[in-house]
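Spelled out, the chains give:
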Amino acid sequence: MIGLGVECTAHTLGIGIVKDGKILSNESETYVTNKGGIIPVEAAKHHEKVFDNVLERALKKSKITLYDLNFIAVSIGPGLPPCLLAGLKKTKILCVKYKLPLVEVNHCIAHLEVGKIAGANMNPEAGSPVMLYVSGANTQIIAYENGKYRIFGETLDVGVGNFIDNFARYAGIGFPGGPTIEKLAGKSKNYIELPYKIKGMDIALSGILTNLKQKLEKKHKLNDLAYSMQETVFAMLVETAERALAHTGKKQLLLGGGVACNSRLQEMCKIMCKERGAKLFVPEKQFLQDNGAMISYTGEIMFNKKIFEKNLDKIDIRPRERTDDILVKWK
């Protein structure tokens, strides 16, 4: 069984190829700017421009041809509509030309399913993990219960990644801002008090962002603010993740999403899990960031359970699709 997956929800155009659960290739190109944030229409143009090159690299690395494929999978949401449409358009063309079925994959669930590669036991009967999913637009605490991936907690306003990028943009840093903010935070140990906003199992970030901007205007050092922001917001994330572990009785925590690449967040989760007697699973960086491999990997699982659409006209993007909208028929 060989499948190709296309990731196209936001800034990254990723193409990955899987064969019988093994990732053969995982190639990508990311839309970046020197100043300012992501412009969806421009990101979509970027994806269309680099698609053929990324596809060629993925095929070459995996040593297969498009004629070897059994299916193609594509991320249909949640995400930015122009980017999603760019990916769907390209995959439909390939499906028609090579007479292949198309598997519709939810981006968030793909981040979960690929956790198996990191060693997490995804079998519900064995106590599948709680996932701390932190990306640009999404911040969720997720766990599988009764046929769906349930959201036990989430952001009430903005995702952690977008929150960090917004702060970085205000500070004059280009997109994406997360890696630069992490480097700046590593140069300080001076904690400046910030609001700590947890409401039940949910978090709120817009007030913290306003407070950070005000402090930046008052000439607080950017290094200190970056450090303080990470310590505060990541503590909020770890607290809600720990509550979910306690509520569900699960003994595994899985990290997912681009923000999970942050070494400080990983360190804080590691400490919490050790104290609780839980296991922490962190996929490789290439699988934490948006990537085509997780789409092909999840697509293969669904395809093997005959969850796909042969009529391409019925397939459309679902920009606002939530993790808990999906009936997980493959478990």
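Right, let's walk through the structure included here. Note that the structure is predicted; figures quoted are calculated from it, not measured.

**With respect to helix H8 (residues 263-276)**
Since the α-helix advances by 3.6 residues per turn, residues separated by three or four positions end up pointing in the same direction.
Here's step 1: With 14 residues, H8 should reach 20 Å at 1.5 Å per residue; the first-to-last C-alpha distance of 20 Å fits that figure.
Here's step 2: Looking only at H8, the buried set comprises Leu265, Met268, Cys269, Met272 and Cys273. Projection of H8 onto a plane perpendicular to its axis shows the buried side chains occupying an angular sector of 130 degrees, all on one side. Opposite the buried face of H8, by more than 90 degrees, sit the exposed residues Lys270, Lys274 and Glu275.
Here's step 3: With a side-chain oxygen lying 2.9 Å from the backbone nitrogen of Arg264, the N-terminal cap of H8 falls on Asn262.

**Examining helix H10 (residues 292-304)**
Here's step 1: With 13 residues, H10 extends 18 Å between its outermost C-alpha atoms, agreeing within 8% with the 18 Å of an ideal straight helix rising 1.5 Å per residue.
Here's step 2: Summarising burial for H10: 11 of the 13 residues are buried, a large majority.
Here's step 3: Listed in full, the buried residues belonging to H10 are Gly292, Ala293, Met294, Ile295, Ser296, Tyr297, Thr298, Gly299, Glu300, Met302 and Phe303.
Here's step 4: The backbone nitrogen of Ala293 has a side-chain oxygen 3.2 Å away, supplied by the residue at the start of H10, namely Asn291.
Here's step 5: Trailing H10 by a residue or two, Lys306 shows a phi angle of about 60 degrees, which is positive.

**Here's the deal with the side chain of His47**
Here's step 1: Tracing the chain through its elements places His47 in helix H1 (residues 40-62).
Here's step 2: Every residue in contact with His47, bar those within four places of it in the chain, is listed here: Ala10, His11, Thr12, Leu13, Cys83 and Ala86.

**Overview of the sheet that holds strand E11 (residues 252-256)**
What links the strands of a sheet is backbone hydrogen bonding, and the strands pair in either a parallel or an antiparallel sense.
Here's step 1: Read across the sheet, five strands follow the order E8-E7-E6-E11-E12 without closing on themselves; strand pairing throughout is mixed. The outermost strands of the open sheet, each flanked by one partner alone, are strand E8 (148-154) and strand E12 (279-281). If you compare each strand with its neighbour and ignore which way they point, the axes differ by 25 degrees on average.
Here's step 2: Of the pairings in the sheet, the one linking E11 to E12 comprises three bridges and is parallel in character. Across the sheet, residue Gln252 finds its bridge partner in E12, namely Lys279.

**Observations concerning the nonpolar core**
Here's step 1: Core analysis: the biggest nonpolar cluster contains 46 residues, and Leu132, Val160, Phe163, Ile181, Met229, Leu253 and Leu265 have the highest contact counts within it.
Here's step 2: Every element with two or more residues in this core is listed here: strand E6 (130-134), strand E7 (139-145), helix H4 (160-170), helix H5 (178-185), helix H6 (206-217), helix H7 (222-248), E11 and H8.
Here's step 3: Here this core takes 12 residues from H7, the largest share from any one element.
Here's step 4: With residues up to four places along the chain from it excluded, the contact list for Leu265 reads Leu132, Val134, Phe234, Leu237, Val238, Val259 and Ala260.

**Some points on the state of the cysteines**
Here's step 1: For the structure shown, the criterion picks out zero disulfides.
Here's step 2: Here Cys261 stays free of any disulfide, with the sulfur of Cys269 as its closest cysteine sulfur at 13 Å.

**Considering the pairing of E6**
Here's step 1: Most of E6 is tucked away, with five of its five residues classed as buried.
Here's step 2: Along E6, one buried face is formed by Val130, Leu132 and Val134 and the opposite face, lined by Met131 and Tyr133, is buried too.
Here's step 3: Where E6 lies against E7, five bridges are found, and the strand directions are antiparallel. Paired with Met131 across the strands is Ile142, a residue of E7.
Here's step 4: Turn length for the E6-E7 hairpin, with the two strands adjacent in sequence and antiparallel, is four residues.

**Things to note about the sheet that holds strand E4 (residues 71-77)**
Here's step 1: Strand order across the open sheet formed by five strands is E3-E2-E1-E4-E5, with mixed pairing between neighbours. Edge positions in the sheet fall to strand E3 (22-30) and strand E5 (102-106), since each of these pairs with one other strand and no more. Taken over all neighbouring pairs, the strand axes of this sheet differ in orientation by 20 degrees on average, direction set aside.
Here's step 2: Judged from the four bridges that link them, strand E1 (residues 2-7) and E4 form a sheet pairing that is parallel. Looking across to E4, one finds that Val6 is bridged to Val74.
Here's step 3: Strands E1, strand E2 (12-19) and E3 of the sheet are contacted by H1, whose axis makes an angle of about 155 degrees with E3.

Conventions adopted
Residues numbered from 1 in each chain as written. Predicted model: local features only at pLDDT ≥ 70, side-chain atom pairs only at ≥ 80, totals over all residues. Heavy atoms only, no water. Helix = DSSP H or I, 4+ residues; strand = E, 2+ residues; numbered from the N terminus. Expected span 1.5 Å × (residues − 1). Buried < 20%, exposed > 50% of the residue type's maximum accessible area, 1.4 Å probe, protein only. Arc of directions from axis to C-beta. Polar contact = N/O pair within 3.5 Å; in protein donor to acceptor, adjacent residues only side chain to side chain. Contact = heavy atoms within 4.5 Å. Pairing = 2+ DSSP bridges. Axes fitted to C-alpha atoms, helices over the stretch in contact; angles between N-to-C directions. Core = buried A, V, L, I, M, F, W, Y, C linked by side-chain atoms within 4.5 Å. Disulfide = S-S within 2.5 Å.

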